[in-house]
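A closer look at the structure
In case you want the letters, here they are:
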Amino acid sequence: MGKLLRREDLIYPELSYQLIGILFDVYNKLGYGHSEKVYQKAVAVALKNSNLKFKEQVYAPLKYENERIGSNYFDFLVENKVVIELKKGDRFIKAHIEQVYQYLKFFNFKLGLLVYFAPRNLHFKRIVNL
């Protein structure tokens, strides 16, 4: 048997693995076809049951020259480290990737998960802010 290879360059590997498992569990139990809000509520229940600390609908003001010019909310902040943004669909859209990256930059977080509940599977992308 080969030795399990472990990447040393991943940010929060154990937490990421746990979160991806939680997200796949939600998808496998609910399937496709629900609204983002339904998936969000189910993920909140799953996170609560996992005993991970999390915040839901985290306020992220949009500023220019130190003036608030708008506001955004991202779906979850887990363990005060990882941003999770949920979407329904099956294609990664550049605007969504940039949106998560902006949240990471604004709060100086290192890792975001952009998650799509798609027709045949759950897709996710790790977004890193170094």
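This text goes with the structure placed above it.
Conventions and cut-offs
- Residues numbered from 1 in each chain as written.
- Predicted model: local features only at pLDDT ≥ 70, side-chain atom pairs only at ≥ 80, totals over all residues.
- Heavy atoms only, no water.
- Helix = DSSP H or I, 4+ residues; strand = E, 2+ residues; numbered from the N terminus.
- Contact = heavy atoms within 4.5 Å.
- Core = buried A, V, L, I, M, F, W, Y, C linked by side-chain atoms within 4.5 Å.
- Buried < 20%, exposed > 50% of the residue type's maximum accessible area, 1.4 Å probe, protein only.
- Phe/Tyr/Trp six-rings, centres within 6.5 Å; stacked < 30°, edge-to-face > 60°.

A closer look at the environment of Glu85
Note that Glu85 resides in strand β3 (residues 82-88). In contact with Glu85, other than residues within four places in its own chain, are Tyr73, Phe74, Asp75, Gln99, Val100, Tyr103, Leu113, Leu114 and Val115.

Digging into the nonpolar core
Membership of the largest hydrophobic core comes to 24 residues, with the highest contact counts inside it found for Leu19, Ile84 and Phe117. Among the elements of the structure, α1 (13-30), α2 (36-49), β2 (67-78), β3 and β4 (111-117) are those that each provide at least two residues to this core. In this structure, Phe117 is in contact with Leu23, Val26, Tyr27, Tyr32, Tyr39, Val43, Leu86, Lys87, Lys88, Gly89 and Leu122, ignoring residues within four places of it in sequence. Formed by 12 residues, the second largest nonpolar core is a distinct cluster that contains Val58, Phe109, Leu114 and Ile127.

Focus on the packing of aromatic side chains
Going through the model one piece at a time under the given rule, you end up with 10 aromatic pairs. Relative to Phe117, the ring of Tyr39 lies with its centre 4.0 Å away and its plane at 10°, an arrangement referred to as stacked. Of this pair, Tyr39 sits in helix α2 while Phe117 sits in strand β4, placing them 78 residues apart in sequence. For the pair formed by Tyr39 and Phe117, the shared burial category is buried. Both rings, one in Phe74 and one in Phe107, keep their centres 5.9 Å apart while their planes meet at 75°; by these two values the pair is edge-to-face. Of the two residues, Phe74 sits in strand β2 while Phe107 sits in helix α3 (residues 94-107), which places them 33 residues apart along the sequence.

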